[in-house]
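An overview of the molecular structure
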Amino acid sequence: MKQVFNLNPDDIFKQEKPHTALKEIIAERNKQQSQAFNPLKNVEDLLIANSAFIDDVLILSWNHFLKQHSSQLCLLATGGYARNELFPNSDIDILILLESTETHDFQDSLSSFSNFLWDIGLKPGQSVRTIPDCFQAAKDDQTIMTNLLEIRLISGNPNLFSKLSKQVSEAKLWSSADYFAAKMQEQNQRHAKYHDTEYNLEPNIKEGPGGLRDLQNIAWVFKHHYKSSSLKELIKYGLFSATEYQELTACRDILWRIRYALHTLTKSSKEQLAFDHQRELATQFNFVDTDNNPDVEQFMQLYFRTVTELSRINEILLQLFSEQLLDTQAIKQLSPTNDHFYSINNYIEVKDSETFNKHPLALLEIFTLLQHQKSLVGVRASTIRLIRKNLHLIDDDFRNNPKAINLFLAILKAPRGITHQLRRMNRYGMLAIYLPSFANIVGRMQYDLFHTYTVDAHTLFVLRNLRRLSLEKHQDELPFCNSVFLRIKKPELLYITALFHDIAKGMGGNHSILGEGIAQQFCTQHKLSKHDSKLITWLVRNHLVMSMTAQRKDISDPDVIHKFALLVGNTENLDHLYLFTVADIRATNPSLWNSWKDSLLLELYTLTHSALRRGLQNPMERSERLQENKQEARDDLIGRGISEDTIQKTWNKINDDYFLRYSADEITWHTIAIAASEKEDLPLVILRPQNQRGSVEIFVYTKNENKIFSLSAKTLDSLGLTILDARIITINLTPTDQYVLNSFQVLEQSGEPITNLDRELHICKSLNNNLKNLSVAENINIHRQSRQARHFPINTKINFHKDPLGRYTVIEIITTDCSGLLATIGQAFIDLNIQLHDAKINTIGSRVEDMFYITDINLKPITKESELKKIQDKLFSVLKQD
């Protein structure tokens, strides 16, 4: 036995606590290995050394507990440990192989051995089997079959090990075709867990698409079929060139270095590149901030480009394996697809290796054929290689070739396969070559909490979402959007917008404006009409406007709608912008889209559509909107049996602002509740679990106290609710007799509506009690800041905006979300004798972008610089920002 760190049995097991002594040796050895690790150098030697050290520890332990029984069993390494690829803090996968099921003589020793491994701090992944047990388990489960492909003797009976190895090699437990199919199914299921994209911003370096498990999958399939011990033999069997093998090992080495650094940093076997660790790893890998390119984004771009390359290699090799292992029938040469390609078993193949060199346009042509010929399911591996090899042929002359231009536009106009083929083009490097600006966003992450994917992945998700809106089979998802899409004459204009809307991310400056210029170059180069070019560039420049208007402005105000309608200009622009906005939000982060955002955008679309139909020169007056709402609500109330006298008596208490800011449906609901209540019943708290806005509305009617908003916000926060919108109306019967009509649009913290009656009653009762007592009992904070949010502190910004009608002072607060934020802001307004009239709440991830409409105590806008500075200082103080 090799002596490492003086692993002398006498020195260890004669001590009072041998497990403590060995545990200390292991800790010291791990410390030295951590110091020896250099993120910029290959770690293969370290992995081998780690495995060898654990071999010595296990042999030492085995000899102490089981040496006298070694003729009856042996200790084998499995998994990465067997491959001598043992990363710091990883599980130690072992198999104890028994000669027979009779273990009475050494059962206690075996248990002591296993317990000792845990006592010294190892994490053994252990199984105990006989050879027949192994065979039965492998027959039933391909993962056990996989483990048996990679076994290595550590200690014990070598004959027992040799017997198992020989039988595994000779047995036909799984045919090559069945084993390959099982590994492919396993990979597909694993990829589905990560949304089938390499580009999650907190990727799993082992299990995610393009990760190390994909590489191991290749090795297992290859080893099972060819009985080969090394992937280098891919060259021998003609599956890989020497250059391709070097590319594979280069990618593997990068992921190994990142994984080694991650395990060392976290002192665990975590495989997720969480935000918590990305910045530190970027520093370790010697990345530094540059203009418009932070160190962490450079580091993650290295990772994403590496896994993209591994995904391409994975696709090529698995396709080759499929051709050899599954397509066992004679090759069918179908009638040529065209002059340059034919199909082999439904995979497209070039007619000869010089096809692309002789006919460069075939580099685009192949994707149009995949779209139009439904029998084609993919590209043969040899052709994928040739595409990659000939990308240099796509130069400026190629891009300006009218035939190339028509082919690319044909891909975007095709009736099917647009998303699949653009993703394929991105995977093969085609998009970044044909659209040089696209290279800027390939693998580019956005280091924040509300972008889940890299920019190129997000771009293609937007395009996918737009496609889904156009397809009848997906119309149940968003039926109104589907109906709007029917009016889109040229869907390809939306798809082009998707390709360019974020293409200037990371270039510095306003990416919408810069993207507009890049999109214009594309339109000019591709000879698009003036009208189409204008629409695309307008959409790229304004792709964020509809979302910002819906979420940050009072869209019940006719002036806001008129201003937005002026920007939009016509219903064609509105239709395109609405569909694009929905697709964009849904592709940014799955958790961002909810029924509230859906209803806000739909309401803005509907109101703007009406304004455009009415005519921009004939905008709706506020008084006209007010009378429309009143009349519609009055008709509804009378239809429900409420008398005109009761309606008028209730409405006499309420100012005109209320009728402008609430819909007729809401006015009806409020009126019935207020009319049925007496002063002694106040506060009145009622709840509607699902309203037209897709959220839950909580309505409060009570005598005015300065604390009402703050108390309400604090109560709702303590109940685990997310406030989406707040409207505050004050009724002044006399200077000393005031009432408030406050409504809150809320959802559960999960983004779901409230669906449980007991929960609804509890919310109403809690809010009612707190408003009666004018206090909120301190309780456990239900809101928990996410792990990721702690790594994205947002500097507080406080901006003042003018109300176009001069009614309010508008305060915009940008800060980090936290428990009790609205209550804190509300209390600050009380301290400053500020009257709050409206609040637009917008939270994206952990970023708060809230708008508050305020006046002084006399209901006048606050305009003096000294007063605004006082408000700003107070808010900075309570939000604990400098």
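The rules behind each value
Residues numbered from 1 in each chain as written. Predicted model: local features only at pLDDT ≥ 70, side-chain atom pairs only at ≥ 80, totals over all residues. Heavy atoms only, no water. Helix = DSSP H or I, 4+ residues; strand = E, 2+ residues; numbered from the N terminus. Buried < 20%, exposed > 50% of the residue type's maximum accessible area, 1.4 Å probe, protein only. Contact = heavy atoms within 4.5 Å. Areas by Shrake-Rupley, 256 points an atom, 1.4 Å probe, with all protein chains shown as cover. Axes fitted to C-alpha atoms, helices over the stretch in contact; angles between N-to-C directions. Parallel < 35°, antiparallel > 145°, perpendicular 65-115°, else oblique. Left-handed = near helix turned anticlockwise from the far one by under 90°. Nonpolar A, V, L, I, M, F, W, Y, C, P; charged D, E, K, R; others polar. Pairing = 2+ DSSP bridges. Core = buried A, V, L, I, M, F, W, Y, C linked by side-chain atoms within 4.5 Å. 1 Å grid on protein atoms, 1.4 Å probe; cavity = no way out; pocket = protein on both sides within 12 Å on 5 of 7 lines; lining within 4 Å. Points joined across faces, edges and corners; volume = space filled by probe spheres on them. Salt bridge = Lys/Arg side-chain N within 4 Å of Asp/Glu carboxyl O. Phe/Tyr/Trp six-rings, centres within 6.5 Å; stacked < 30°, edge-to-face > 60°. Lys NZ or Arg CZ within 6 Å of the ring centre and 35° of its normal.

A count of helical and extended segments in the chain gives 38 helices and 16 strands. In terms of overall dimensions, the chain has C-alpha extents of about 100 × 80 × 50 Å along its principal axes. The proportion of buried residues among the 882 residues of the chain is 57%. Long-range pairs, those at least 24 residues apart, make up 71% of the contacts in the chain between residues at least 6 apart in sequence. Entry remark: accessible area of the chain is about 38,700 Å², with carbon and sulfur atoms responsible for 49%.

The next point concerns the packing of helix H16 (residues 362–372) against helix H20 (residues 418–427). Look at H16 against H20: their axes get within 9 Å of each other, and the N-to-C directions meet at 150 degrees. Our classification of the angle between H16 and H20 gives roughly antiparallel. In this structure, the crossing between H16 and H20 has a hand that is right-handed. Taken together, the residues of H20 that come into contact with H16 (itself represented by Leu364, Phe367, Leu370 and Gln371) are Ile418, Gln421, Arg424 and Met425. Here the contact of H16 with H20 is built from residues that sort into five nonpolar, two polar and one charged.

Another point: the environment of serine 169. Structurally, the position occupied by serine 169 is in helix H8 (residues 158–170). Through-space distance from the C-alpha of serine 169 to that of histidine 224 is 8.6 Å; in sequence the pair is 55 residues apart.

So, about the pairing of strand E1 (residues 73–77). Counting buried residues in E1 gives five out of five residues, a clear majority hidden from the surface. Neither face of E1 is open: one carries Leu73, Leu75 and Ala77, the other Cys74 and Leu76, and all of them are buried. In terms of strand pairing, E1 meets strand E2 (residues 92–98) through five bridges, oriented antiparallel. Its bridge partner being in E2, leucine 73 is matched across the sheet by leucine 98.

By size, the foremost hydrophobic cluster in this structure holds 151 residues, and its most contacted members are Leu317, Phe321, Leu364, Phe408, Met430, Phe500 and Leu579. Excluding residues within four positions of it along the chain, leucine 317 makes contact with Ile218, Leu234, Leu239, Phe240 and Leu248.

Moving on: the side chain of arginine 424. Within the secondary structure, arginine 424 sits in helix H20. The residues contacting arginine 424, other than those within four sequence positions of it, are Glu315, Phe367, Leu370, Val377, Gly378 and Val379.

Another aspect to go through is the sheet that holds E2. An order of E3-E2-E1-E4 is seen for the four strands of this open sheet, with the pairing classed as mixed. The sheet is open, and its two borders are formed by strand E3 (124–130) and strand E4 (152–156), each paired with just one other strand. The average angle at which neighbouring strand axes cross in this sheet is 25 degrees, direction not considered. In this fold helix H5 (residues 107–119) packs onto E1, E2 and E3, with an angle of close to 165 degrees to the strand it touches most, E3.

What follows deals with empty space enclosed by the protein. In total, this model carries four cavities of 30 Å³ or more according to the counting rule given. Contributions of two or more residues to the lining of the largest cavity are made by helix H35 (708–718), strand E10 (721–734), strand E11 (737–748), helix H37 (821–831) and strand E14 (835–840).

Turning our eyes to something else, we now look at the sheet that holds strand E7 (residues 378–379). Here we have three strands laid out as an open sheet, ordered E5-E6-E7, and mixed in their pairing. Either end of the sheet is taken by a strand with one partner, and the two such strands are strand E5 (341–344) and E7. By the bridge criterion, two bridges tie strand E6 (residues 347–350) to E7 in an arrangement that is parallel. Bridged to tyrosine 347 within E7 is glycine 378. The strands touched by H16 are E5, E6 and E7; relative to E5, the strand with the most contacts, the crossing angle is about 45 degrees.

Applying the stated criterion across every chain yields a total of 41 salt bridges. One salt bridge in this structure joins arginine 312 and glutamate 309, with 2.3 Å as the shortest N-O distance. In this pair, arginine 312 and glutamate 309 are both assigned in helix H14 (residues 295–325), three residues apart and thus about one turn of the helix distant. Take arginine 312 and glutamate 309: they sit in the same class, and that class is buried. Across the pair arginine 487 and aspartate 575 runs a salt bridge whose closest N-O atoms are separated by 3.3 Å. In this pair, arginine 487 sits in the loop between helix H23 (479–485) and helix H24 (491–500) while aspartate 575 sits in helix H29 (residues 571–588), placing the two residues 88 residues apart along the sequence. Shared partners join several salt bridges into a network, and the residues in it are Asp557, Asp657, Arg661, Asp803 and Arg807.

Within strand E16 (residues 847–855), eight of the nine residues are buried, which leaves the element mostly enclosed by the surrounding structure. Relative to E16, strand E13 (residues 809–816) is paired through eight bridges, and the arrangement is antiparallel. Following the sheet pairing, glutamate 812 is matched in E16 by methionine 851. One ladder, built from five bridges, connects E14 with E16; its direction is antiparallel. Each residue of the ladder has a partner; that of aspartate 838, found in E16, is tyrosine 853.

Turning to the packing of aromatic side chains, a few remarks are in order. Inspection of every chain in the model, using the stated rule, returns 32 aromatic pairs. Ring plane angle 50 degrees and centroid distance 5.4 Å describe the contact between phenylalanine 285 and phenylalanine 299, whose orientation is recorded as tilted. With phenylalanine 285 in the loop between helix H13 (275–284) and H14 and phenylalanine 299 in helix H14, the pair connects residues that are 14 residues apart, well separated along the chain. Taking 6.2 Å as the distance between ring centres and 55 degrees as the angle between the ring planes, the aromatic pair formed by phenylalanine 341 and phenylalanine 356 counts as tilted. Placement of the pair is phenylalanine 341 in strand E5 and phenylalanine 356 in helix H15 (residues 355–358), with a sequence separation of 15 residues. Residue class for phenylalanine 341 comes out buried when judged on its relative accessible area of 0%. By relative accessible area, which is 0% here, phenylalanine 356 ends up buried. One aromatic cluster is present, formed by Phe398, Phe408, Tyr434, Phe500 and Phe522 through successive ring pairs. Over the ring of tyrosine 81 we find arginine 152; its NZ or CZ atom is 5.1 Å from the centre of that ring. One Lys or Arg, arginine 688, reaches over the ring of tryptophan 669 and ends 4.5 Å from the middle of that ring.

To continue, consider unusual backbone geometry. Along the chain, leucine 682 connects to proline 683 via a cis peptide bond; the corresponding omega equals 5 degrees. Position of proline 683 relative to the elements: it lies in the loop between helix H34 (664–675) and strand E8 (684–688). In the Ramachandran plot, lysine 267 falls in the positive-phi region, its phi being about 55 degrees despite a non-glycine side chain. Tracing the chain through its elements places lysine 267 in the loop between helix H12 (242–266) and H13. The class for lysine 267 is exposed, based on a relative accessible area of 68%. Backbone geometry places asparagine 833, a non-glycine residue, at a positive phi of 55 degrees. Mapped onto the fold, asparagine 833 is located in the loop between H37 and E14.

Function cannot be read off these values alone, since they describe shape.
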